Amino acid sequence: MAPAIHDIELSVIKSKIHYNGLPHHRVFVDHNDTIRWLYPGPLSIHFVGISPLNCPLIQPSASPLKATVAPDSRPGLYKYFVALLYMGEGEVPRILTDDPDVIVNPGGGTGK
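Quantities reported herein were computed from a predicted structural model and do not represent experimental measurements.

Thresholds, definitions, all that
Residues numbered from 1 in each chain as written. Predicted model: local features only at pLDDT ≥ 70, side-chain atom pairs only at ≥ 80, totals over all residues. Heavy atoms only, no water. Helix = DSSP H or I, 4+ residues; strand = E, 2+ residues; numbered from the N terminus. Buried < 20%, exposed > 50% of the residue type's maximum accessible area, 1.4 Å probe, protein only. Contact = heavy atoms within 4.5 Å. Areas by Shrake-Rupley, 256 points an atom, 1.4 Å probe, with all protein chains shown as cover.

Visitor: Outline the overall build of the protein chain, supporting the account with residue identities and numerical values.
Guide: On a plain count of helices and strands, the protein chain comes out with zero helices and 10 strands. The order of α-helices and β-strands along the protein chain, N terminus first, is β-β-β-β-β-β-β-β-β-β. Evaluated residue by residue, the protein chain yields a buried proportion of 38% over its 112 residues. Here the analysis covers contacts within the protein chain between residues at least 6 apart in sequence; of these, 60% occur between residues at least 24 apart. Carbon and sulfur atoms provide 58% of the accessible area of the protein chain, an area that totals close to 6600 Å².

Visitor: Describe the side chain of Asp33, naming the residues involved and giving the relevant values.
Guide: By the secondary structure assignment, Asp33 is in the loop between β3 (26–29) and β4 (34–38). Aside from chain neighbours lying at most four places away, what touches Asp33 is Pro3, Ala4, His6, Ala67, Thr68 and Val69.

Visitor: Quick rundown of unusual backbone geometry? Include the residues and the values.
Guide: Of note in this structure, Asn20 is not a glycine but carries a positive phi near 50 degrees. The residue Asn20 is located in the loop between β2 (16–19) and β3 in this model. Of note in the backbone geometry, Asn32 takes a positive phi value of approximately 70 degrees without being a glycine. Of note, Asn32 is situated in the loop between β3 and β4.

See the structure below:
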C-alpha cells in the first residue's frame, strides 16, 4: 500500500486548539506516511522524547509543516507538543499550546 498523507487542519475555537474541527486528536499512521499540519499562522511542533518522524523537531514557520514517519519507527503512541500564535479579532495575540498524539500502527487501522 502506498504511503498516506494525513492532513491535520488546526483551528482555534473558544481559545482551544482544534484538530480537523475536534478538540482532541490522535492520528494513526504507518511507516513512510506524511503528516501535514495546516494553520494560517506561525506554528511549531515538537515531540516529547523519541520522535517517530524523520526529523526530531519541526522548525517553527508558517503552515504547512510536514514530516514523514520514519521507516524504522517503533509501533506505539508518541506525544507531541503544538504551539501556535493565535490572533483573534479584537483580542491580544497569544501563544496557545496542546499535546496531542501520533500512533504508529503498521498495517493500518485505528486500533478500535
